[in-house]
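Coordinate analysis (summary)
For reference, the chains in residue letters:
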Amino acid sequence: MQTKPLAHFSNKLNYLFARYDVSSFIFIRMSQHTFRPVASLRGKSVEKAAQFNRTDIDDLCNLATEMKSFVESGGVIDALRGKVMTPLFFENSSRTYSSFCGAMLKLGGGVVSLNLETSSIAKGETLSDTIRTMTSYSDVLVLRHPQQEALETAVKASPVPVMNGGNGTGEHPTQGLLDILTIRTELGTVDGLVVALVGDLKNGRTVHSLSKLLVNNFDIAELILVAPDVVQMPQEVLDAFQKPVKITRAAALSEDLVRRVDVLYTTRLQKERFSSAEDANALALFDTVKADLRINADTLKWAKEKMIVMHPLPRVDELCTSVDDDPRAAYFRQMRFGLFMRMAILFSVFSA
Amino acid sequence: MQTKPLAHFSNKLNYLFARYDVSSFIFIRMSQHTFRPVASLRGKSVEKAAQFNRTDIDDLCNLATEMKSFVESGGVIDALRGKVMTPLFFENSSRTYSSFCGAMLKLGGGVVSLNLETSSIAKGETLSDTIRTMTSYSDVLVLRHPQQEALETAVKASPVPVMNGGNGTGEHPTQGLLDILTIRTELGTVDGLVVALVGDLKNGRTVHSLSKLLVNNFDIAELILVAPDVVQMPQEVLDAFQKPVKITRAAALSEDLVRRVDVLYTTRLQKERFSSAEDANALALFDTVKADLRINADTLKWAKEKMIVMHPLPRVDELCTSVDDDPRAAYFRQMRFGLFMRMAILFSVFSA
Amino acid sequence: MQTKPLAHFSNKLNYLFARYDVSSFIFIRMSQHTFRPVASLRGKSVEKAAQFNRTDIDDLCNLATEMKSFVESGGVIDALRGKVMTPLFFENSSRTYSSFCGAMLKLGGGVVSLNLETSSIAKGETLSDTIRTMTSYSDVLVLRHPQQEALETAVKASPVPVMNGGNGTGEHPTQGLLDILTIRTELGTVDGLVVALVGDLKNGRTVHSLSKLLVNNFDIAELILVAPDVVQMPQEVLDAFQKPVKITRAAALSEDLVRRVDVLYTTRLQKERFSSAEDANALALFDTVKADLRINADTLKWAKEKMIVMHPLPRVDELCTSVDDDPRAAYFRQMRFGLFMRMAILFSVFSA
């Protein structure tokens with residue numbers, strides 16, 4: 001093991017690789033490992049799926065995988081010491097919030113935990129002013145906002161990178177990236193797979209980002225969109241596909257369909273989305289739809305031995321706990337991949 | 001500039017004890033001290049008093065004491081760098097929450113501050129799913145929950161250690177441990193003491209954990225349970241005592257009783273606990289009981305010169321501020337011991 | 001136990017200036033720079049403007065400026081490792097809260113994010129008890145409270161320094177200091193300037209602290225108080241001026257006035273302040289007043305080329321966004337100065 005830079009500690013460019021601990025019982029291993037950031041992310045906001053090409057995605061997945069193995073074998077990556085992240089969550093979230101926080105903390109950075117409800121944002125400040133405020137004190141923002149346009153406003157007002165943590169029914173690009181990482185790691189590849197997206201494809205920003213990433217950067221064999229018409233995939237998402245892809249639509253999960261899929265990606269169905277739909281019969285359809293799309297242990301009896309079930313979570317009853325112990329249930333591991341994908345992203349955004 | 005140590009930095013087993021600072025005015029002393037973790041806690045959840053034996057308790061107290069003196073003389077223990085703790089508090093708390101956070105931060109770790117009210121837990125997620133989510137991003141959880149059974153659910157679902165920060169009327173083991181540390185430090189020993197527990201002994205999980213720790217691991221001279229029948233110590237706590245101990249019951253604080261005690265441990269009386277009690281006259285009793293159990297400066301006139309008054313706090317009016325300046329009032333110091341006991345616990349849980 | 005490196009590290013005075021990084025791509029530069037804390041702040045609470053003399057202010061401004069340039073060129077100041085700050089905010093705030101948190105984190109310290117609404121403070125604990133609790137677990141507090149007297153209570157109960165983050169209509173000293181830093185940096189000096197304070201001067205604690213700092217420590221040419229009588233500067237603030245100063249009062253922003261000012265410092269007007277005023281016609285006046293005091297792009301047509309517009313923010317409509325792109329609009333830069341002033345203060349408070 002080489003620690004060459006040490007000899008140069010006292011000169012002006014003394015970039016030191018430090019390993020140290022504080023007792024003889026607890027050892028902290030500082031990275032002597034060289035992590036390679038994804039250069040195209042340097043200083044950039046993460047706004048949408050379209051900003052990533054295949055090389056970016058592969059590099060992010062490799063970096064996240066390396067970080068996972070390094071951290072899980074006890075390594076400490078202290079790269080973002082002195083950097084501060086502020087999550088601005090104008091909408092309920094626990095997964096995106098906690099995994100961004102965990103990622104920043106595991107990289108040695110700090111997090112400002114602002115409670116939006118007790119902040120002066122209640123005093124009627126504009127989003128632009130709030131963004132300018134928070135970026136005066138922090139080096140990166142994570143924004144989750146119920147309105148799609150909020151992201152653009154924030155990016156425009158911010159002198160520092162903004163991570164899109166979900167903008168209305170728009171996008172959720174870091175979720176899309178962690179989904180790709182999950183598929184790649186669990187099944188060894190993304191190319192050639194049959195992917196079924198199930199549930200509310202209209203309002204689910206997760207499946208918007210994921211489907212764009214999948215179609216535009218990989219050669220998937222087939223994309224199956226399983227949803228009733230009222231919440232089918234919006235045309236503007238399909239229009240964003242830059243390559244031909246075999247698309248199949250279905251209203252329910254059938255045996256035939258389940259037999260074919262490599263990735264069964266389901267999302268939450270929300271009653272309120274049905275009632276606000278244009279179709280007057282939509283609400284009445286809700287219970288039927290729920291039954292048609294539900295995944296349980298029986299559903300998996302039809303499925304291949306090597307396939308995975310994914311869900312961005314939280315789930316209600318569209319995904320039964322009877323599936324949890326099946327090795328094909330990848331949704332808990334999927335969350336864990338989220339931590340490392342977000343570490344890879346933050347690390348790259350801050351790279352010099 | 002001093003760079004002498006650097007030549008020795010490249011040793012392959014360079015677990016380095018580092019002392020450094022960042023200016024000539026503010027000195028950060030990194031631990032050159034060897035802290036010895038309590039090995040039986042390594043990787044374990046902290047669930048209940050019964051998991052600790054006398055050796056564990058002594059070792060934890062010694063470790064906490066050492067850490068206190070090290071930190072208070074300006075030392076920095078940076079042992080948990082890169083580790084992340086998530087407190088999941090489903091119930092009001094400021095002491096347990098803040099002292100666990102303070103302990104983790106003082107050990108160099110990070111804390112994810114999740115606001116449960118604005119998180120997706122509001123979307124109806126099960127506790128198991130929430131636990132699996134949070135443990136995807138963090139290395140240890142602290143759980144406070146109004147329901148006793150929640151702890152077991154959490155421990156079962158969690159791949160990482162769970163610290164019980166109070167489960168309903170069940171236990172509050174870290175509080176019990178800090179109470180032991182307080183008694184030991186303030187009075188030099190626990191063995192041979194007369195300990196009075198005062199107040200709501202039925203619902204107070206603090207006194208459940210403490211009395212089990214006291215009786216099963218120490219030779220106390222007498223345990224006095226001062227409470228009206230309606231909120232007396234539950235039989236299942238008494239059944240958990242594994243050694244004979246002299247137990248006395250009293251309904252009020254008398255001069256005779258106060259003269260004898262070495263430790264006068266009082267807890268909060270809550271009106272709502274009385275109204276929901278089975279005894280129909282309970283609520284009417286509340287005001288009488290309050291007067292019978294109240295501790296003020298006059299109460300202490302009867303007490304020994306060397307004894308202590310303890311309270312897990314917050315207090316309402318069962319413990320008068322007239323006692324605050326008495327040197328026997330140990331309850332503010334007791335909170336401080338909580339910080340160091342939780343540091344000792346977290347340090348041990350993470351030891352390799 | 002491996003302690004080989006220690007022999008060389010254990011020199012009693014080996015305060016080492018460490019520079020290190022964790023990869024060859026992300027470089028963390030630890031301070032080799034010597035920052036000089038403001039000695040008079042060592043271990044002290046920051047309560048009010050009157051505790052600072054000209055030397056303190058100059059030293060704080062110099063320190064903050066140095067830190068700003070160090071941090072903005074990529075330096076990491078890791079001086080407060082192992083120190084813990086708890087912000088206790090009993091009132092809405094995002095700026096003061098976030099900038100104190102950002103400052104602490106950028107100095108390497110930790111922050112306990114307590115949600116006051118879900119804490120046991122809701123159980124009716126006294127402020128003194130809350131302060132004693134929080135200071136058991138932390139090394140510095142930041143208090144924002146709607147009542148002016150709360151600060152004194154907190155300082156009395158606290159064994160650690162308390163930073164006043166705004167006490168009712170009392171003071172906001174760190175805001176006053178960052179305002180001085182802004183003026184000094186933007187205009188090169190504070191002495192000799194014409195300063196106009198505009199808006200609710202009665203209830204605005206910001207302008208109370210700032211005007212005292214300005215008059216008592218600098219030789220400003222003129223202080224113009226622009227406000228209707230109902231919210232004019234309180235007599236006790238004027239009584240606190242220890243030097244003669246030319247004071248002019250105005251009820252509206254006139255061309256003549258704007259032409260003369262070097263600093264146009266405006267604050268939020270709140271309708272509710274008018275309705276609770278003694279003057280029965282106050283509320284009716286509100287709309288007139290708002291128009292009289294509003295600053296927009298047209299207002300600045302009259303102003304000098306070298307002057308600045310300041311605002312503690314958040315703003316409502318007393319300061320139009322049409323001013324934002326004018327180089328004289330200093331209010332966004334003012335927030336950024338707040339981060340570094342609070343870093344300078346915290347660094348000095350913890351200096352040994």
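Model, not experiment: these values are computed from the prediction.

Remarks on the overall build of chain A
- The number of helices and strands found in chain A is twelve helices and eleven strands.
- Buried positions account for 64% of the 352 residues belonging to chain A.
- Considering only contacts within chain A whose residues lie at least 6 apart along the sequence, 73% involve residues at least 24 apart.
- For chain A, the computed accessible surface area is about 12500 Å², with 48% contributed by carbon and sulfur atoms.

Let's talk about the pattern of salt bridges
- Counted according to the given criterion, the structure contains 80 salt bridges over all chains.
- Residue Arg 144 of chain A is joined to Glu 91 of chain A by a salt bridge in which the shortest nitrogen-to-oxygen separation is 3.6 Å. Remark: Glu 91 of chain A occurs in the loop between β3 (84-89) and α2 (95-106) and Arg 144 of chain A occurs in strand β5 (residues 140-145); sequence separation between them is 53 residues.
- For Arg 144 of chain A, a relative accessible area of 5% corresponds to the buried category.
- Between Asp 78 of chain B and Arg 81 of chain C there is a salt bridge, with the nearest N and O atoms lying 2.8 Å from each other. Of the two residues, Asp 78 of chain B sits in the loop between β2 (75-76) and β3 (84-89) while Arg 81 of chain C sits in the loop between β2 (75-76) and β3 (84-89), which places them in two different chains. You'll find Asp 78 of chain B and Arg 81 of chain C in the same group, each marked buried.

Examining the packing of helix α1 (residues 54-72) of chain B against helix α12 (residues 331-349) of chain B
All names here are of chain B.
- One can describe the packing of α1 onto α12 by two numbers: an axis separation of 8 Å at closest approach and a directional angle of 115 degrees. The pairing of α1 with α12 is recorded here as roughly perpendicular in orientation. Seen along the crossing, α1 lies across α12 with a hand that is right-handed. Contacts between α1 and α12 involve Leu 60, Cys 61, Leu 63, Ala 64, Met 67, Lys 68, Val 71 and Glu 72 on the former and, on the latter, Arg 336, Phe 337, Phe 340, Met 341, Met 343, Ala 344, Ile 345, Phe 347 and Ser 348.
- Residue composition of the contact of α1 with α12, grouped by class: 13 nonpolar, one polar and three charged.

Overview of the domain arrangement of chain A
Residues and elements named next belong to chain A.
- With domains assigned, chain A is organised as domain 1 (4-172 + 337-349) and domain 2 (173-335).
- Taken together, the contacts link 33 residues of domain 1 with 28 residues of domain 2.
- Across the interface of domain 1 and domain 2, roughly 2600 Å² is buried in total on both sides, 60% from carbon and sulfur atoms.
- Counting the surface domain 1 buries against domain 2, the share from its top three residues, Arg 95, His 172 and Phe 337, is 31%.
- Taken together, domain 1 and domain 2 are joined by four salt bridges.
- Its salt-bridge partner being Lys 212, residue Glu 171 comes within 2.8 Å of it at the nearest N-O pair.
- Applying the counting criterion to the domain 1 and domain 2 interface returns 21 residue pairs in polar contact (both at pLDDT 80 or more).
- Where the side of domain 1 that touches domain 2 is concerned, the elements lending two or more residues are α1 (54-72), α2, β5, β6 (162-167) and α12 (331-349).

Here's the deal with unusual backbone geometry
Residues and elements named next belong to chain B.
- A cis geometry characterises the amide bond from Leu 313 onward to Pro 314, with omega recorded as 0 degrees.
- A positive phi angle is found at Leu 313, which is not glycine, with a value near 55 degrees.
- Note that Leu 313 resides in the loop between β11 (308-310) and α12.
- The class of Leu 313 is buried, set by a relative accessible area of 9%.

Let's talk about the side chain of Ser 113 of chain B
- Mapped onto the elements, Ser 113 of chain B comes out in the loop between β4 (110-111) and α3 (127-137).
- When neighbours within four sequence positions are excluded, Ser 113 of chain B is seen to be in contact with Tyr 97 and Ser 113 of chain A, Tyr 97 of chain B together with Ser 113 of chain C.

Comments concerning the packing of aromatic side chains
All names here are of chain B.
- Here the structure, examined in full by the defined rule, presents twelve aromatic pairs over all chains.
- Between Phe 35 and Phe 70, the aromatic rings sit 5.3 Å apart at their centres with planes inclined by 85 degrees, giving edge-to-face as the arrangement. Placement of Phe 35 in the loop between β1 (29-30) and α1 and of Phe 70 in helix α1 is noted, with a sequence separation of 35 residues between them. Neither residue differs from the other here; Phe 35 and Phe 70 are each classed as buried.
- Ring plane angle 75 degrees and centroid distance 6.2 Å describe the contact between Phe 35 and Phe 347, whose orientation is recorded as edge-to-face.

A look at α12 of chain A
- In a regular helix each residue adds 1.5 Å, so 19 residues correspond to 27 Å; α12 of chain A covers 27 Å between its end C-alpha atoms and thus fits that length.
- The buried fraction of α12 of chain A amounts to 17 of the 19 residues, a majority that puts the element mostly inside the structure.

Some details on the sheet that holds strand β4 (residues 110-111) of chain A
All names here are of chain A.
- Pairing within the open sheet is parallel, and its four strands lie in the order β4-β3-β5-β6. Of all the strands in the sheet, the pair left with one neighbour each is β4 and β6.
- In this structure, β5 lies alongside β6, joined through four bridges in parallel fashion. Across the sheet, the residue bridging to Leu 141 is Val 162, located in β6.

A closer look at the packing of helix α5 (residues 173-187) of chain B against α12 of chain B
Residues and elements named next belong to chain B.
- In contact at an axis separation of 8 Å, α5 and α12 are set at 120 degrees when each is read in the N-to-C sense. Two packed elements cross with a definite hand, and for α5 against α12 that hand is right-handed. Between α5 and α12, the residues in contact are Thr 174, Gln 175, Leu 177, Leu 178, Asp 179, Leu 181, Thr 182, Thr 185 and Glu 186 and Arg 333, Gln 334, Phe 337, Gly 338, Met 341, Arg 342 and Ile 345, respectively.
- Class assignment of the residues belonging to the contact of α5 with α12 gives a composition of six nonpolar, six polar and four charged.

Let's talk about the pairing of strand β8 (residues 222-226) of chain A
- Of all five residues making up β8 of chain A, five are buried, and the element is well covered by its neighbours.
- Side chains Glu 222, Ile 224 and Val 226 of chain A project from β8 of chain A onto one buried face, and the interleaved Leu 223 and Leu 225 of chain A project onto a second face that is buried too.

Some thoughts on the side chain of Asp 324 of chain B
- The residue Asp 324 of chain B is located in the loop between β11 and α12 in this model.
- Note on Asp 324 of chain B: relative accessible area 12%, which makes it buried.
- Within the structure, Asp 324 of chain B has its side chain in polar contact with the side chain of Tyr 331 of chain B (distance 2.7 Å).
- In this structure Asp 324 of chain B touches Arg 315, Ala 329, Tyr 331 and Phe 332 of chain B together with Arg 132 of chain C, once residues within four positions along its chain are discounted.

Details of the sheet that holds β3 of chain B
Residues and elements named next belong to chain B.
- Here four strands make up an open sheet; going across it, the order is β4-β3-β5-β6 and the pairing parallel. Unpaired on one side and paired on the other, β4 and β6 (162-167) mark the two borders of the sheet.
- Bridge count for β3 against strand β5 (residues 140-145) is five bridges, and the pairing is parallel. Within β5, the position partnered with Phe 89 by the bridge is Arg 144.
- Each of β3, β4, β5 and β6 touches helix α2 (residues 95-106); the most contacted strand, β3, lies at about 180 degrees to it.
- Seen against the sheet, α3 touches β3 and β5 and runs at an angle of roughly 160 degrees to β3.

Section: the environment of Val 323 of chain B
Residue and element names in this part refer to chain B.
- Tracing the chain through its elements places Val 323 in the loop between β11 and α12.
- Look at Val 323 and you get buried, because its relative accessible area is 1%.
- Linking Val 323 and Ile 77, residues 246 residues apart in sequence, is a C-alpha distance of 35 Å.
- For Val 323, the contacting residues outside a window of four places in its chain are Ile 295, Asn 296, Ala 297, Leu 300, Ala 329 and Tyr 331.

Quick word on the environment of Leu 346 of chain A
All names here are of chain A.
- Mapped onto the elements, Leu 346 comes out in helix α12.
- Sequence spacing of Leu 346 and Gly 43 is 303 residues, and the spatial spacing of their C-alpha atoms is 9.7 Å.
- Not counting chain neighbours up to four residues away, the residues in contact with Leu 346 comprise Leu 80, Met 85, Phe 100, Ala 103, Met 104, Leu 107, Val 140 and Met 163.

Details of the pairing of β5 of chain A
- With six of its six residues buried, β5 of chain A lies for the most part within the structure.
- The alternating pattern of β5 of chain A places Val 140, Val 142 and Arg 144 of chain A and Leu 141, Leu 143 and His 145 of chain A on opposite faces, both of which are buried.

What about the confidence of the model for chain A?
- When pLDDT is averaged across chain A, the result is 87; 87% of the residues are at 70 or more.
- Below pLDDT 50 for its whole length, residues 1-31 of chain A participates in 116 contacts with residues either more than four positions away or in separate chains.

Here's the deal with α1 of chain A
Residues and elements named next belong to chain A.
- For α1, spanning 19 residues, the distance from its first C-alpha to its last is 27 Å, which sits close to the expected 27 Å at 1.5 Å a residue.
- Every buried residue of α1 is accounted for by Asp 56, Ile 57, Leu 60, Cys 61, Leu 63, Ala 64, Met 67, Phe 70 and Val 71.
- With a side-chain oxygen lying 3.1 Å from the backbone nitrogen of Thr 55, the N-terminal cap of α1 falls on Asn 53.

Examining the environment of Leu 114 of chain B
All names here are of chain B.
- Within the secondary structure, Leu 114 sits in the loop between β4 and α3.
- Looking at Leu 114, the relative accessible area reads 11%, which means it is buried.
- Taking the C-alpha atoms as reference, Leu 114 lies 25 Å from Lys 48; in sequence the two are 66 residues apart.

Basis of the calculations
- Residues numbered from 1 in each chain as written.
- Chains lettered and ligands numbered in written order.
- Predicted model: local features only at pLDDT ≥ 70, side-chain atom pairs only at ≥ 80, totals over all residues.
- Heavy atoms only, no water.
- Helix = DSSP H or I, 4+ residues; strand = E, 2+ residues; numbered from the N terminus.
- Buried < 20%, exposed > 50% of the residue type's maximum accessible area, 1.4 Å probe, protein only.
- Contact = heavy atoms within 4.5 Å.
- Areas by Shrake-Rupley, 256 points an atom, 1.4 Å probe, with all protein chains shown as cover.
- Salt bridge = Lys/Arg side-chain N within 4 Å of Asp/Glu carboxyl O.
- Axes fitted to C-alpha atoms, helices over the stretch in contact; angles between N-to-C directions.
- Parallel < 35°, antiparallel > 145°, perpendicular 65-115°, else oblique.
- Left-handed = near helix turned anticlockwise from the far one by under 90°.
- Nonpolar A, V, L, I, M, F, W, Y, C, P; charged D, E, K, R; others polar.
- Domains from an automatic or database assignment.
- Buried area = accessible area lost by both parts, 1.4 Å probe.
- Polar contact = N/O pair within 3.5 Å; in protein donor to acceptor, adjacent residues only side chain to side chain.
- Phe/Tyr/Trp six-rings, centres within 6.5 Å; stacked < 30°, edge-to-face > 60°.
- Expected span 1.5 Å × (residues − 1).
- Pairing = 2+ DSSP bridges.
- pLDDT = per-residue confidence, 0-100.

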